[in-house]
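These are the residues of each chain, in order.
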Amino acid sequence: EPIKGHVTFNHVTLTYTKDDDSALKDICFDAPPGKVIGLIGSTGAGKTSITQLITRFYEPEIGEVLVDNRSVKDYNIKTLRKHIGFVLQEPFLFSTTIKENIAYGNPDVTDHQIMDAAKRAQAHEFIMNLPNGYETMLGERGMGLSGGQKQRIAIARAICINPSILVLDDATSAVDMETEFKIQKALKEVMQGRTSFIIAHRISSLKHADEILVLDEGQIVERGTHDELLNNDGQYKRIYDI
Ligand code: DGT
Ligand code: MG
C-alpha cells in the first residue's frame, strides 16, 4: 500500500541527553496529506528535531509519531525513509555533473524528469546558462554554484524522488523571495495529496502554509494560518513586526 504521508504527533517528548532539558515537549499536531505545514521559531526551538522523528532518526521518550495512522516503529525503516525527502539549508552536492546531482539517489529517473524537476525548482534557466548545461561538472561540494543555486539543485533532486513527505529545512534561505514563491507554488502542485513541511526563519516563506506551528523552547506556543497568527498578537506577530 503506498504511503500517503499523513503525519501525526501524539504528545511527543524528545530528550537527547539525560542531563539536558527536553528538546521537544508534548508536541501534538496532525498533518493530513495534501497539506503544507510551516514550522517557525528561534534557533534551537526544535524545528529540525520534529522532522527527524518522522524518519526515526531519533526515538521520542514519550508519545508516538504516526505515518498514515501507523506508528513509525512499525515500518521497515528503509521503506519509510525512501518515502521522505529532505532538503537542507546546505545541501550535499557532489563533484559530478548537474544532471547526476539531480538524479542522485534515484537511478531510474529519466532526462525528461530531471529537466521537469529543475524547471519546477526554478533551476532550469541558470543551468541552461552554464557552459555545458546539465552536463556541467561541479567542483567539490558544488563549487561553482551560488548558495541559492545549490539549494535549487537539491530541491530538484527531492522532486525526482517523488516523496510522500517532503521536508524543506531552511532549504530556500539563499533564494530571493520571488523565486522562493515560484518554487513553493510548484511544490504545492507536485505534492498534491501528500504532505510538506517547510521550516523557515522568515515569515514570508510560510505565508501560504495551511497550518503554521510556532515553536519556542521545544513547545508549540501558537498555531494557525498566517492570517490567524497575525490576529493573535503573539510571538508570530512579533517576528512579523521586526
Ligand atoms: P535552528 O535549526 O537553529 O533554527 O534550530 P531548530 O529549531 O531546528 O532546533 P533543533 O531541533 O535542531 O534543536 C532543538 C534542541 O535540541 C536544541 O537545544 C539543540 C538540541 N539538539 C538538536 N540536535 C541534537 C543532537 O543531535 N544531540 C543533542 N544532544 N542535542 C541536540
Ligand atoms: Mg534546524
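Residues numbered from 1 in each chain as written. Chains lettered and ligands numbered in written order. Predicted model: local features only at pLDDT ≥ 70, side-chain atom pairs only at ≥ 80, totals over all residues. Heavy atoms only, no water.

A. Local environment of the pattern of salt bridges. Taken as a whole and judged by the stated rule, the model has 9 salt bridges. We note a salt bridge from Asp111 to Lys99, for which the minimum N-O separation is 3.3 Å. In this pair, Asp111 is assigned in helix H4 (residues 111–120) and Lys99 in helix H3 (residues 98–103), connecting sequence segments 12 residues apart. For the salt bridge of Lys188 with Asp210, the shortest nitrogen-to-oxygen distance reads 3.3 Å. In this pair, Lys188 sits in helix H7 (residues 177–190) while Asp210 sits in the loop between strand E8 (195–199) and strand E9 (211–216), placing the two residues 22 residues apart along the sequence. What makes Lys188 partly exposed here is its relative accessible area of 37%. A relative accessible area of 27% means that Asp210 is categorised as partly exposed. Several salt bridges converge on common partners, so that one network encompasses Lys99, Asp111 and Glu135. (Salt bridge = Lys/Arg side-chain N within 4 Å of Asp/Glu carboxyl O. Helix = DSSP H or I, 4+ residues; strand = E, 2+ residues; numbered from the N terminus. Buried < 20%, exposed > 50% of the residue type's maximum accessible area, 1.4 Å probe, protein only.)

B. Up close: the site of ligand 1. For ligand 1, the full set of nearby residues is Tyr16, Ala23, Ser42, Thr43, Gly44, Ala45, Gly46, Lys47, Thr48, Ser49, Tyr58 and His201. Taking Lys47, its side chain carries an N or O atom lying 2.7 Å from an oxygen atom of ligand 1. Between ligand 1 and the protein, one listed contact pairs an oxygen atom with a side-chain N or O atom of Ser49 at 2.5 Å. When the free accessible area of ligand 1 is taken as 640 Å², the share hidden by the protein chains comes to 62%. Partitioning the shell around ligand 1 into residue classes produces 4 nonpolar, 7 polar and 1 charged. (Near = heavy atom within 4 Å. Polar contact = N/O pair within 3.5 Å; in protein donor to acceptor, adjacent residues only side chain to side chain. Areas by Shrake-Rupley, 256 points an atom, 1.4 Å probe, with all protein chains shown as cover. Nonpolar A, V, L, I, M, F, W, Y, C, P; charged D, E, K, R; others polar.)

C. H7, seen in detail. Compared with the 20 Å implied by 1.5 Å per residue over 14 residues, the 20 Å span of H7 between its first and last C-alpha is a close match. Thr179, Glu180, Ile183, Gln184, Ala186 and Leu187 are the residues of H7 that are buried. All buried residues of H7 fall inside an arc of 165 degrees around its axis, so they share one side. Turned more than 90 degrees from where H7 packs its buried face, Met177, Glu178 and Lys185 sit exposed. (Expected span 1.5 Å × (residues − 1). Arc of directions from axis to C-beta.)

D. Examining the nonpolar core more closely. Within the largest apolar cluster, 42 residues are counted, with the highest numbers of intra-cluster contacts made by Ile102 and Ile127. With 7 residues, the top contributor of residues to this core is helix H6 (residues 147–161). One finds Val12, Ile84, Ile165 and Leu215 within the second-largest nonpolar core, a separate group that totals 28 residues. (Core = buried A, V, L, I, M, F, W, Y, C linked by side-chain atoms within 4.5 Å.)

E. View of the sheet that holds strand E1 (residues 7–14). Taking strand neighbours across the sheet as the criterion, the 4 strands line up as E2-E1-E4-E5 in an open arrangement whose pairing is antiparallel. The open sheet has two free edges, formed respectively by strand E2 (24–31) and strand E5 (70–71), since each of these has just one partner strand. Inspection of the sheet shows strand E4 (residues 62–67) paired to E5 by 2 bridges, in the antiparallel sense. Counterpart to Leu66 in the pairing with E5 is Ser71. In the packing of helix H1 (residues 47–54) onto the sheet, the strands contacted are E1, E2 and E4, and the crossing angle to E1 comes to about 115 degrees. (Pairing = 2+ DSSP bridges. Contact = heavy atoms within 4.5 Å. Axes fitted to C-alpha atoms, helices over the stretch in contact; angles between N-to-C directions.)

F. Quick look at the sheet that holds strand E10 (residues 219–224). Spatially, 6 strands are ordered E6-E7-E8-E3-E9-E10 in an open sheet, and the strand pairing comes out mixed. What marks the edges here is a single partner per strand, and that holds for strand E6 (84–88) and E10. When the angles between neighbouring strand axes are averaged without regard to direction, this sheet yields 15 degrees. Judged from the 5 bridges that link them, E9 and E10 form a sheet pairing that is antiparallel. The residue of E10 that forms the bridge with Leu213 is Arg223. Helix-sheet contacts for H6 involve E6 and strand E7 (165–169), and the interaxial angle to E6 is about 180 degrees.

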